[in-house]
Amino acid sequence: MRMGNVVSKEQVTDALKTVRGPDLEGNIVELGMVSDIFISDGKVYFSLTVPAERAKELEPLRMAAERVVKAISGVKGAMVALTADKKPGASQPAARPAAAAPAHSHSHGHAHDHGHGHSHTHAPAAAPARPGKAGIPGIHAIVAVASGKGGVGKSTTAVNLALALKANGLRVGILDADIYGPSMPRLLKISGRPTQLEGKIIKPMENYGIKVMSMGFLVDEDVAMIWRGPMVQSALMQMLREVAWGDLDVLVVDMPPGTGDAQLTMAQQVPLAGAVIVSTPQDLALIDARKAVTMFRKVEVPLLGVVENMSYFIAPDTGKRYDIFGHGGARAEAGRINVPFLGEIPLTMAIRELSDAGTPIVVSEPDGPQAVAYREIARSVWDQVSGAAQKAAPAMIFE
Ligand code: ADP
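About the cut-offs
- Residues numbered from 1 in each chain as written.
- Predicted model: local features only at pLDDT ≥ 70, side-chain atom pairs only at ≥ 80, totals over all residues.
- Heavy atoms only, no water.
- Helix = DSSP H or I, 4+ residues; strand = E, 2+ residues; numbered from the N terminus.
- Salt bridge = Lys/Arg side-chain N within 4 Å of Asp/Glu carboxyl O.
- Buried < 20%, exposed > 50% of the residue type's maximum accessible area, 1.4 Å probe, protein only.
- Phe/Tyr/Trp six-rings, centres within 6.5 Å; stacked < 30°, edge-to-face > 60°.
- Polar contact = N/O pair within 3.5 Å; in protein donor to acceptor, adjacent residues only side chain to side chain.
- Contact = heavy atoms within 4.5 Å.
- Near = heavy atom within 4 Å.
- Areas by Shrake-Rupley, 256 points an atom, 1.4 Å probe, with all protein chains shown as cover.
- Axes fitted to C-alpha atoms, helices over the stretch in contact; angles between N-to-C directions.
- Parallel < 35°, antiparallel > 145°, perpendicular 65-115°, else oblique.
- Nonpolar A, V, L, I, M, F, W, Y, C, P; charged D, E, K, R; others polar.
- Left-handed = near helix turned anticlockwise from the far one by under 90°.
- pLDDT = per-residue confidence, 0-100.

Now for unusual backbone geometry. The bulk of non-glycine residues show a negative phi, and the bulk of peptide bonds are trans. The phi angle at Leu24 is positive, at roughly 65 degrees, despite the residue not being glycine. Mapping Leu24 onto the fold places it in the loop between helix H1 (9–16) and strand E1 (38–40). The residue Lys189 is not glycine, and still its phi comes out positive at about 50 degrees.

Moving on, we come to the pattern of salt bridges. In this structure the tally under the stated criterion is 16 salt bridges. Where Glu59 meets Arg62, a salt bridge forms, and the shortest distance between an N and an O atom there is 2.7 Å. Here Glu59 pairs with Arg62, and both are found in helix H2 (residues 59–70), just 3 residues apart, close to one helical turn. Judged by its relative accessible area of 29%, Glu59 falls in the partly exposed class. Relative accessible area serves as the criterion here: at 12%, Arg62 is assigned to the buried category. With a closest N to O distance of 3.1 Å, Arg171 and Asp249 form a salt bridge. On the criterion of sequence distance, the pair formed by Arg171 in the loop between helix H3 (154–167) and strand E5 (172–176) and Asp249 in strand E8 (residues 248–254) is long-range, its members being 78 residues apart. Side by side, Arg171 and Asp249 carry an identical accessibility label, which is buried. Each member of the salt-bridge network shares a partner with another, and the members are Glu59, Arg62, Glu66, Lys70, Arg186, Arg352 and Asp356.

Attention now goes to the packing of aromatic side chains. On inspection of all chains with the given rule, the structure shows 2 aromatic pairs. When the ring of Tyr45 is compared with that of Phe313, the centres are 4.5 Å apart and the planes differ by 65 degrees; the resulting orientation is edge-to-face. On the criterion of sequence distance, the pair formed by Tyr45 in strand E2 (residues 43–50) and Phe313 in strand E10 (residues 303–314) is long-range, its members being 268 residues apart. Residue classification places Phe313 among the buried positions, given a relative accessible area of 0%. A centroid spacing of 6.4 Å and a plane angle of 35 degrees characterise the contact between Phe313 and Tyr322, whose relative ring orientation is tilted. In this structure Tyr322 comes out as partly exposed when scored by relative accessible area, which is 26%. An aromatic cluster is present here, built from Tyr45, Phe313 and Tyr322 joined pairwise through their rings.

What follows deals with the environment of Val301. With respect to the element layout, Val301 can be found in the loop between helix H9 (283–298) and E10. Judged by relative accessible area, which is 3%, Val301 ranks as buried. Separated by 30 residues in the primary sequence, Val301 and Pro271 have C-alpha atoms spaced 8.9 Å apart.

Turning our eyes to something else, we now look at the side chain of Ser147. Within the secondary structure, Ser147 sits in the loop between strand E4 (139–146) and H3. Take Ser147: its relative accessible area is 1%, and that puts it in the buried class. A polar contact is formed between the side chain of Ser147 and the backbone oxygen of Lys149, at a distance of 2.6 Å. Residues in contact with Ser147, not counting those within four places in the same chain, are Val152, Lys154, Pro257, Gly258, Val278 and Ala292.

In the vicinity of the ligand lie 16 residues, with Gly151, Lys154, Ser155, Thr156 and Pro346 positioned nearest. Gly151 is positioned with one of its backbone polar atoms (N or O) 2.9 Å from an oxygen atom of the ligand. Between a nitrogen atom of the ligand and a side-chain N or O atom of Asn309, the distance comes to 2.9 Å. With the chains in place, 84% of the 560 Å² that the ligand exposes on its own is no longer accessible.

This part is about the packing of H3 against helix H13 (residues 369–385). The geometry of H3 relative to H13 is characterised by a closest axis approach of 8 Å and an angle of 75 degrees between their N-to-C directions. Comparing their axes, H13 and H3 come out roughly perpendicular. Of the residues in H13, those touching H3 at Thr156, Thr157, Asn160, Leu161, Ala164, Leu165 and Ala167 are Tyr374, Arg375, Ile377, Ala378, Val381 and Trp382. In terms of residue class, the contact of H3 with H13 is made up of 9 nonpolar, 3 polar and 1 charged.

Geometry of a packed helix pair, given as the angle between the helix axes and the separation of the axes. As a packed pair, H1 and H2 sit with axes 9 Å apart at the nearest point and diverge in direction by 130 degrees. Classified by the angle between their axes, H1 and H2 sit oblique to one another. Judged by the sense of rotation from one axis to the other, the crossing of H1 with H2 is right-handed. Note on element contacts: H2 touches H1 through Ala65, Val68 and Val69, opposite Val12, Ala15 and Leu16.

What follows is about the environment of Leu197. One can find Leu197 in the loop between helix H4 (184–187) and strand E6 (205–207). Classification of Leu197 as partly exposed rests on a relative accessible area of 37%. Sequence-wise, Leu197 and Val243 are 46 residues apart; in three dimensions their C-alpha atoms are separated by 9.1 Å. Leu197 has contacts with Lys203 and Ala244, leaving out every residue within four places of it along the chain.

This brings us to the confidence of the model for the protein chain. Across the protein chain, the average pLDDT comes to 80, with 79% of residues at 70 or higher. The least confident element of the protein chain is helix H14 (residues 387–392), whose mean pLDDT is 45; the most confident is H3, at 98. In the predicted structure, residues 86–132 sits below a pLDDT of 50 and forms 111 contacts with residues beyond four places in sequence or in another chain. In the model, residues 388–399 has pLDDT below 50 throughout and makes 22 contacts with residues more than four positions away in sequence or in other chains.

Here is the structure:
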């Protein structure tokens, strides 16, 4: 057993009182932005609640909070997460893209190759899609990873799910549809620009054996920020249809957070086989998660299930588990709204640090418990979207 923590919550709170609020009035403690503070082995964990639409702009605030805490003597590390308190503003009109690419077929777009060594049977058609939404030739199933709000770990889940599907022997791509805040270049440590093949077709980037497309490879973030709805939709359709994805079992789409018009249009226009909803256990997040479920139901996209992220906390020193975030909320809620529960992922320093380093936990600690959990989630997702599960679950059949 270790001695009690030398760093106290009071010390942390006092330090945080020196950080001004977002509009330079008051301080973040007085403003009630600081969550419960958890201290373990000299490492300090807490979150700051901010308005979703300001999350990006308030990144310096998060860094300032981390900095003042790290400066306390005895503190070995600080992990501060921004959590949003409402869904991001979704003022974009749900306009149809004028320039959406037609579903032309690429040279690689025929005859799904079954000789890649897994035992499952593919559905005869391409992606299981509703009439009116043309599937992408060569891609068996497109799976959206979505959340009702930002900061719940949607991108972290998307990247680890994609890598876990790959680890389970599938051919996988990931499309970063979070055009206003693309994170795949960083999460997968990919830089540079994709090359153009014949015609307008773009060759996807690749790392860790998965193919990747992200707006982050194509335009600077501040350029994308000023794009309006139709431009975003058109860019997305191009990334979907004018990229040489080749034959894929699953294309994971990291959706933009939230449930506004832009997300709804996307859910409608991308031929999705299903959606995975990421939620934290907190009530507020669950309200948002429910909105995401409602959104996909509205456009008749099957709900593959809910992942509870930051489900509980594992103290790095003792390995002891703490249910400080109201663990189990997502599971209970999934039951209530009749959506499968896919699994829970704890809040750990490793997940965050490995993501930041561009070496997601599924590839860097493939035998660890978190990688195992992601692979389980991946198995369940594939069970549902591969041909076999469609027969078992009538809800999956669209025709
Ligand atoms: P979103 O896509 O929902 O905005 P991200 O995936 O970007 O969220 O995650 C937000 C932050 O939380 C990132 O810094 C990420 O590394 C961190 N994070 C996500 N999931 C976990 C986890 N299970 N444990 C620790 N940190 C996490």
